[in-house]
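# Chain and residue survey
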Amino acid sequence: MVCEHCKEQQATITVTQVVNGQKSEKHYCEVCAQNFHPFNLDFHKEEQIPIHQLVSNLFGLPVWNNGPQEKAPSTSQKSAKCPTCGFTFRKFLNEGKLGCPQCYETFGKQLPLVLTKIQAGTTHSGKAPGKPNHHNEWIQKQIDSTREQLQLAIHEERFEDAADLRDEIREMERRLERGGVDTP
Amino acid sequence: MNLEHFLKSEAPGWMDVKGLDADIVLSTRIRLARNLDGYRFPLSFTENEAQQIDGMIYEALHSINADGHKFSHFTIKEMPALQRQVLVEKHLISPLLAKKEKSASVHISNDETISIMVNEEDHLRIQCLAPGLQLVETYRIASKLDSKLEEHLPYAFNESFGYLTSCPTNVGTGLRASVMMHLPALTISKQIKVVTQMLARLGMVVRGIYGEGSENLGNIYQISNQVTLGKSEEEILKDLQEVALQIIKNERGAREALLKNSRIILEDRFNRSLGTLKYARIMTSEEAAACLSNVRLGVDVGIINEVPLNVLNECMILIQPGFVQQYAGTTLQASERDMYRAKLLREKLNSNNQKLMEKGEERYDV
Ligand SMILES: [Zn+2]
Ligand SMILES: [Zn+2]
């Protein structure tokens, strides 16, 4: 099978995605698969899907229709240009990628519209520079759930599994004693 | 270490260590995407910026104590195409990095478990590989290295969007966790479509690897998280872990059912595949991958006993076009590759059998 995108290389990768409850399967070569993301308009344009359809299907972003209620933000969005890399929001949508870290500030208002479609939320939760990690708490939770599995294994007389689980718990406890990890 | 060390026609040492659920999960991969504040992303930066970034990362990596890991540094554009391809096939660099012209480089740890790609899609991509299912362990290694580098590098980070990346599909944690799974029974019993659909609904991406499009060649699937923002690293890993465990359970169930209902058909299939691998003279990568998958399943369920798992791991890597050409010592046409591939497999599988037989005889003598 030939890559559905470049139509040149052999397709070696199958990408499965669910968009609006509909499953789609695409076959790409390795290079094209790397560039695959649902809102890279240029990428999908070559597959002859009309852009406006993609925008409504994949993004659900009404911004481009210039509907009456969207008019005000859409004009300001068009003119905003990132001072560091010169990207506009439109260019971002075409490339599927941002030009520099500052783009996140420049397009800070519009980005959440896109992010809600592709991410679990629009705000980061997790590791941050200089912030201690919650690994200890987490390891403790892991230990508790592994203990439950251990009880179950013993109950069901799966003794080999039980031995493995016991080793796992010991290893985690040892790690906890060492004072967790990741703190410099 | 020189580049030759990383191009050897062997499976990397870490693959020999038996990981958890190693009969189904071939490997775990963790990747962290990071960028440096004040520099444009590789998509739009200048050669000058690229060089500065390359230099800064080199300095940072050499001023930290990386838990005993020693890194070797290679500049992509100085590497011949075939060597780049071999590194891609070993998953040490990405296909995208292999194509980069501007100051792109890679730091590879000597045991091949860690690679740090510089100026790929992001300034920094930290990648850790491990055998079997070890999401938490592998993440810890990556995160530790990341925290140490962070002390020497101005990471681009924003309170609300997290770690900033060129593509918004990576922003936030910058974490992509993947497990490479061998799922022959789910594939044979046509349950894989249902599984794939379920995963997609859970926000996981499923890719068949080195298969020819629709057929997932070698029945190998890579399952990874799609979401990087709005969930913490712990949640991402936990969700993927749960999904992986569920699939392992399904695959085991499907294997049992197959064995129960059609044992003789399976025995025939496994042994035919082994015969093909040992004696064929022309072998496409598709056929080789399919046969290796059958033999692997045969070993997993105890029908085939004469082939060690590490030899199979090795063969799975070596049948790829770059490795076959490296083995031949020259670039080859597809049809020539198929001949060399068959030769390579014959050597790997028959020599091993030889050794086993010798051992067997010794034991018999005693
Ligand atoms: Zn392609
Ligand atoms: Zn910018």
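Given the structure is predicted, the values throughout are model-derived calculations rather than measurements.

## Brief notes about the coordination of the zinc ion (ligand 2)
Ligation of the zinc ion (ligand 2) by protein atoms is provided by Cys82(A) (SG), Cys85(A) (SG), Cys100(A) (SG) and Cys103(A) (SG), these donors lying 2.3 to 2.4 Å from the ion. Geometry at the zinc ion (ligand 2) is tetrahedral, judged from its four donor atoms and the angles of 94 to 123° they form at the metal.

## Some words on the pattern of salt bridges
Applying the stated rule across the entire model yields 25 salt bridges over all chains. A salt bridge links Glu121(B) to Lys97(A), with the shortest nitrogen-to-oxygen separation between them at 3.3 Å. Separated into two different chains, Glu121(B) in the loop between β4 (114-118) and β5 (124-131) and Lys97(A) in the loop between α5 (89-95) and α6 (103-106) make up a pair that spans both. Judged by relative accessible area, Glu121(B) falls into the buried class, the value being 9%. We classify Lys97(A) as buried; its relative accessible area is 10%. It is possible to trace a salt-bridge network through shared partners that takes in Lys97(A), Glu120(B), Glu121(B), Asp122(B) and Arg125(B).

## Let's talk about the interface of chain B and chain A
With 71 residues of chain B at the interface, the matching set in chain A holds 57 residues. Buried area between chain B and chain A, both sides added, is near 5200 Å², and the carbon and sulfur share of it is 58%. If you sort the residues of chain B by the area they bury against chain A, Arg140(B), Phe161(B) and Pro168(B) come out on top, with a joint share of 12%. On the surface where chain B and chain A come into contact, there are two salt bridges. Remark: the boundary between chain B and chain A carries 17 residue pairs in polar contact (both at pLDDT 80 or more). The element contributing the most residues to the side of chain B that touches chain A is helix α5 (residues 135-150) of chain B, with nine residues. Residue composition of the side of chain B that touches chain A, by class: 26 nonpolar, 23 polar and 22 charged.

## A look at the environment of Met117(B)
Residues and elements named next belong to chain B. Along the chain, Met-117 turns up in strand β4. The exposure class assigned to Met-117 is buried, which follows from its relative accessible area of 3%. The spacing of Met-117 and Ile-57 is 60 residues in sequence and 10.0 Å in space, taken between C-alpha atoms. Setting aside chain neighbours within four positions, we find Met-117 in contact with Leu-92, Ile-93, Ser-94, Leu-97, Ser-105, Val-106, His-123, Leu-124, Arg-125 and Gln-127.

## Considerations on the nonpolar core
Residue and element names in this part refer to chain B. Among the nonpolar cores identified, the biggest contains 82 residues, and Leu-145, Leu-149, Met-181, Ile-223, Ile-247 and Val-307 are the most heavily contacted of them. Considering each element in turn, this core owes the most residues, 14 residues, to helix α8 (residues 233-279). Residue-level mapping places this core at the junction of two domains, with at least three residues from each of domain 1 (1-12 + 31-172) and domain 2 (262-355). Aside from chain neighbours lying at most four places away, what touches Leu-145 is Leu-61, Ile-64, Ala-66, Phe-71, Ile-114, Ile-116 and Ile-126. In this structure, Ala-11, Leu-87, Met-117 and Leu-332 belong to the second largest nonpolar core, which totals 27 residues.

## Focus: helix α7 (residues 192-201) of chain B
Residue and element names in this part refer to chain B. Every buried residue belonging to α7 is among Ile-192, Val-195, Thr-196, Leu-199 and Ala-200, and all of these are buried. End-on view of α7: buried residues confined to an arc of 135°, all on one side of the axis. For α7, the exposed residues set more than 90 degrees away from the buried face come down to Val-194 and Arg-201. Following α7 by one or two positions, Gly-203 adopts a phi angle in the positive range, close to 80°.

## A few points about the packing of helix α3 (residues 81-89) of chain B against helix α11 (residues 321-328) of chain B
All names here are of chain B. Closest axis-to-axis distance for the α3/α11 pair is 8 Å, and the angle between their directions is 130°. When the axis of α3 is compared with that of α11, the two are oblique. The interaxial crossing formed by α3 with α11 has left-handed handedness. Each of Leu-82, Gln-85, Val-86 and Glu-89 in α3 lies in contact with α11, whose residues at this interface are Pro-321, Gly-322, Phe-323, Gln-325 and Gln-326. When the residues that make up the contact of α3 with α11 are grouped by side-chain class, the tally is four nonpolar, four polar and one charged.

## Points about the confidence of the model for chain A
All names here are of chain A. Scored by pLDDT, chain A has a mean of 71; 60% of the residues are at 70 or more. Averaged over each element, pLDDT in chain A is lowest for helix α3 (residues 51-59) (41) and highest for α6 (95). Across residues 39-77 the pLDDT falls below 50, and counting only partners more than four positions away or on other chains, this stretch makes 67 contacts in the model.

## So, the domain arrangement of chain B
Residue and element names in this part refer to chain B. If you check the domain split of chain B, you get domain 1 (1-12 + 31-172) and domain 2 (262-355). A C-alpha centroid distance of 32 Å is found between domain 1 and domain 2. Domain 1 puts 11 residues into the contact, and the matching count from domain 2 is 10 residues. Both sides together, the interface formed by domain 1 and domain 2 hides about 960 Å², and carbon and sulfur atoms give 61% of it. Contact with domain 2 buries surface across domain 1, with Ser-9, Leu-82 and Glu-89 losing the most and accounting together for 54% of the total. Taken together, the connections running from domain 1 to domain 2 amount to zero salt bridges. Linking domain 1 with domain 2 are four residue pairs in polar contact (both at pLDDT 80 or more), by the criterion used here. By residue number, the principal contributor to the side of domain 1 that touches domain 2 is α3, which donates four residues. For the side of domain 1 that touches domain 2, the class distribution of residues is five nonpolar, two polar and four charged.

## Description of empty space enclosed by the protein
Over the atoms a probe the size of a water molecule is rolled, and this reveals where empty space is left. Residue and element names in this part refer to chain B. Applying the stated rule across the entire model yields two cavities of 30 Å³ or more. Of the volumes computed, that of the largest cavity is approximately 290 Å³. Lining the largest cavity are 21 residues, with Met-15, Ser-27, His-91, Met-180 and Ile-317 positioned closest to its centre. When contributions to the lining of the largest cavity are tallied by element, the ones reaching two or more residues are β1 (25-34), β8 (175-182), β10 (220-225) and α10 (309-318). Split by residue class, the lining of the largest cavity holds 12 nonpolar, six polar and three charged.

Cut-offs applied
Every chain is numbered independently, its residues counted from 1 as its sequence is written. Numbering of ligands from 1 and lettering of chains from A proceed in the order in which they are written. Whole-chain, interface and lining totals are the exception, using all residues; otherwise, since this is a predicted model, local features are given only for residues with pLDDT of at least 70 and side-chain atom pairs are given and counted only at 80 or more. To obtain the side-chain values, all non-hydrogen atoms of the structure were used and water was disregarded. We call an atom a donor if it is N, O or S and sits within 2.8 Å of the metal, or 3.2 Å for Na, K and Ca. Water is not counted, so some sites may look partial. Donor angles set the geometry label: tetrahedral for four donors if every angle is between 85 and 135 degrees, square planar for four and octahedral for six if opposite donors exceed 155 degrees and the others are between 65 and 115, irregular for anything else. Salt bridges are counted wherever a side-chain nitrogen of Lys or Arg sits within 4 Å of a carboxyl oxygen of Asp or Glu. Every helix listed is a DSSP run of H or I at least four residues long, and every strand listed is a run of E at least two residues long, numbered separately from the N terminus. The classification of residues rests on relative accessible area computed with a 1.4 Å probe and restricted to protein chains. Under 20% of the type maximum is buried, over 50% is exposed, and intermediate values are partly exposed. Note on contacts: a residue pair qualifies if any of its non-hydrogen atoms lie within 4.5 Å across the two residues. Here's the idea: put two parts together, see how much 1.4 Å probe accessible area each one loses, and the total over both is what we call buried area. Two N or O atoms count as a polar contact when they lie within 3.5 Å, although within protein this holds only if one can serve as hydrogen donor and the other as acceptor, and sequence-adjacent residues are included solely when both atoms are side-chain atoms. Each residue is assigned to one class: nonpolar for Ala, Val, Leu, Ile, Met, Phe, Trp, Tyr, Cys and Pro, charged for Asp, Glu, Lys and Arg, and polar for all the others, Gly among them. By nonpolar core we mean a set of buried residues, namely Ala, Val, Leu, Ile, Met, Phe, Trp, Tyr and Cys, connected to one another through side-chain atoms within 4.5 Å. Boundary definitions for the domains trace back to an automatic or database domain assignment. The arc in question is formed by the directions pointing from the helix axis toward the C-beta atoms. Angular values range over 0 to 180 degrees, each being the angle between N-to-C directions of two axes fitted as lines to C-alpha atoms, with helices fitted over their stretch in contact. Angle categories are assigned with fixed cut-offs, so that under 35 degrees is roughly parallel, over 145 is roughly antiparallel, 65 to 115 is roughly perpendicular, and the rest are oblique. Definitions for this section: a left-handed crossing has its near helix turned counterclockwise from the far helix by less than a right angle. A right-handed crossing has that turn clockwise. pLDDT is defined as a per-residue confidence score from the predictor, taking values between 0 and 100. Using protein atoms alone on a 1 Å grid, points that fit a 1.4 Å probe yet trap it form a cavity, whereas open point sets bounded by protein on both sides within 12 Å along at least five of seven lines form a pocket; residues with an atom within 4 Å of a point count as lining. Grid points are joined across faces, edges and corners, and a volume is the space filled by probe spheres set on the points.

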